Each structure stands twice: as structure tokens, then as C-alpha cells.
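Inside the fold
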Amino acid sequence: MRVGGWGLELVCVCYLLIVYITSRGLIAAPRYRLLQARLRDCRARAAYLGGVWEDGAPQRAVVGAVAGRLAQLEEGGTVVWRLSARYGVIAIPLSKLAAAWRVLHAAERRLLGVEPEEEVLAQRESLVLRLRASGDAADEEMADRVAAADVGAVAGRALVLAAAQRLDDAEDGAAERDYDQQRIALWLALTGLCAVLLIGRVLDHRETMLLGALGGFLSPVVGVMRAQRPPSSWGVLVLAPVGGALAAVGGLLLVRMLADPELNLLGQVFLENSWNAPARPIALAIALLFGFSGQLFSRLALTATGQLTAPAPGPRAV
């Protein structure tokens, strides 16, 4: 890395590729496969209902419109496009995936409106169970109303459709909020990579940030090994190495500040093995620790802030 000077740049480019594959594949692909399965079920149901209703019936027109809308979901450039062998699992944008789920849910509700009465009864029981499982008082009230509704009447079927829409909106809203959080984390990761490249070039702290990124990667790994469960968000995994790299270089600067002879809070060892000597083993170990523990960086930053905001000593009394 010291000979060519491109080690940090190569790492950032490779991580950028990992971030892209994560956003388009690892996050989106599982829900996209579920979307495909639900699409096949919905198309099969539409084909069945198309044979139930006679030509010229209003229900037949509804089924035809739904079948046409479902066919558009897999056409390129409409809502979401099909996974292809050429692009693997990196061709699924989160925004289009969220829109596709809303279209699918709307199609399922339209089919529910023209289903035979026995199928609506089965769907009503499922909706009642889902509403009561949410734990919300409004959902409990709606569950009671849906359970007592007469699905053979227009008002009863409308109530069933309203309950289905309520549950679909809740599911879509939760998924879209999760996608928004992932997009924010990805944007922060991309911006952080730009900052890493700039700091590495201008301040010449490449080793520091590489060790910090290693610590940021090891932090969730150790958490998984100790707790036997993965982190709760993809954003944590994506941001951890980038945040670790930035925390490492910022932490070394804070160590140098607190070890300055005028403050002398950390001692001579940290003064000689921090910002001015980033290639020394102790400085690299400190960078690794800052990348591994965001809490360590926060505590040191609070200590530095306390020193900066501390009131100046008043004059001594004679």
C-alpha cells in the first residue's frame, strides 16, 4: 500500500461494490422472491375467477383488468423488472419493489371483491385473526365488526375489504419505512467513503482508517458470535466499517488533543503514539479500538467537549 499508494482507494471501490450488491440484492431479493410467489398465486386466482363469471358480467371485467395489471408488474420499466441471469440479484431497486407490493395488494383486494361468498368467509376469518394479533385497540374494534359482518351483503363485503386495506397499508408502510432507513444508511455509507478517500489523501492517514474499518467490521461479527443472532438492521452492517474508519482518525486526533502537555489528561505515551505518529503499533491499535467501539469514541469526544466548555479559573483571592 505504501509503495503504490492506491491500497485505500482499492478498498473503497471494492466496498462500494459490496454496498451496491447489498442494497439491490441482499436486502431486496428475499422480498422480491416472495412477491413473485404471491404474483403467481394471484394470477392463478384471477384465471379461476375468469372462468367462474360469465361473459358480460361486471365481475368478469374486474378480473380481466386485474390480470392485465398483474402482467404489467413484470414488464421492464413499469413497476419492477424480472430478475435476469445477466444481472443476477443486483437489479432490484427498493423504491420499485415497494411500489410493486402496493400494486399487488390492490389487485388482491379487487379479486376479493368478486370472490364467491365461501372464499370471502375464509378470508374474513384470516383478517380477524391478523387484526387481533396486532394488539392495537382500533384493530380490535375493527376485528369485532368484521367478525359480525354479513359477507353476503354489500356493506359486509365492503367492511371486509376495508379491513384488508388496513392490514395491507400497515404492512406496506412498515416495509417502506424500513427501506427508507436502508437508503439513509446507504447514503451515509457512500458519503463516508468519499470522506475516507479525501482524508486519506490529504492527511495521509491510510493505515489508521484501514485499521478503523477493520475494527468496524469486527464489531458486528463479535456481536453475532457472542449473542448468536444477527444485527437488527442492514444499515448497521453497511455503516460499521465506514464509521469505524472515520472514528479511528477522529479518535487519534482527540487522543492527541487530550494528551497535549497543556491538558495532560492521557500522558506522554499517547502523546507520542497518536496523531503525529499514526504508523506506530500503539497508534494502529488505538485506531482499531476506536473502529471497534463507537462508545469509546463517544466517551472520548464527551471528555474533549467537557475540556473545551469548562469555565476558565477565576482570579485567586489575596
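Below: a short report on this structure. (Residues numbered from 1 in each chain as written. Predicted model: local features only at pLDDT ≥ 70, side-chain atom pairs only at ≥ 80, totals over all residues. Heavy atoms only, no water.)

**With respect to the environment of Gly 113**
Tracing the sequence through the fold places Gly 113 in helix H4 (residues 94-113). Through-space distance from the C-alpha of Gly 113 to that of Arg 157 is 7.2 Å; in sequence the pair is 44 residues apart. If we skip the residues at most four places from it in the chain, Gly 113 touches Arg 157 and Leu 161. (Helix = DSSP H or I, 4+ residues; strand = E, 2+ residues; numbered from the N terminus. Contact = heavy atoms within 4.5 Å.)

**Here's the deal with helix H5 (residues 117-133)**
If you check H5, its first and last C-alpha atoms are 24 Å apart, about what 17 residues at 1.5 Å a residue would give, namely 24 Å. Along H5, the residues that are buried comprise Val 120, Arg 124, Leu 127, Val 128 and Leu 131. Looking down the long axis of H5, one finds its buried residues gathered within 105° of arc, a one-sided arrangement. H5 presents Glu 118, Leu 129 and Ala 133 as exposed residues on the side facing more than 90 degrees away from its buried surface. Gly 135 lies just past H5 and shows a positive phi near 80°. (Expected span 1.5 Å × (residues − 1). Buried < 20%, exposed > 50% of the residue type's maximum accessible area, 1.4 Å probe, protein only. Arc of directions from axis to C-beta.)

**A few points about the nonpolar core**
If you look at the biggest cluster of nonpolar residues, it comprises 26 residues, and the most contacted ones within it are Leu 35, Leu 70, Leu 97, Leu 104 and Leu 111. At the level of elements, helix H2 (29-52), helix H3 (58-72), H4 and helix H7 (154-203) are the ones that each hand at least two residues to this core. Considering each element in turn, this core owes the most residues, nine residues, to H4. Each residue touching Leu 104, except ones within four places of it in the same chain, is listed here: Leu 35, Arg 38, Leu 39, Cys 42 and Leu 70. Ranked by size, the runner-up nonpolar core spans 24 residues in total, among them Leu 8, Tyr 15, Val 242 and Ile 286. (Core = buried A, V, L, I, M, F, W, Y, C linked by side-chain atoms within 4.5 Å.)

**Brief notes about the packing of H5 against H7**
The interhelical angle for the contact between H5 and H7, taken along N-to-C directions, is 45°, at an axis separation of 10 Å. Here H7 runs oblique to H5, going by the angle between their axes. For the element pair H5 and H7, the recorded crossing hand is left-handed. Only Arg 157, Val 160, Ala 163, Ala 164, Arg 166, Leu 167 and Glu 171 of H7 make contact with H5, whose side of the interface consists of Glu 117, Val 120, Arg 124, Leu 127, Arg 130 and Leu 131. Among the residues making up the contact of H5 with H7, the classes are represented as seven nonpolar, no polar and six charged. (Axes fitted to C-alpha atoms, helices over the stretch in contact; angles between N-to-C directions. Parallel < 35°, antiparallel > 145°, perpendicular 65-115°, else oblique. Left-handed = near helix turned anticlockwise from the far one by under 90°. Nonpolar A, V, L, I, M, F, W, Y, C, P; charged D, E, K, R; others polar.)

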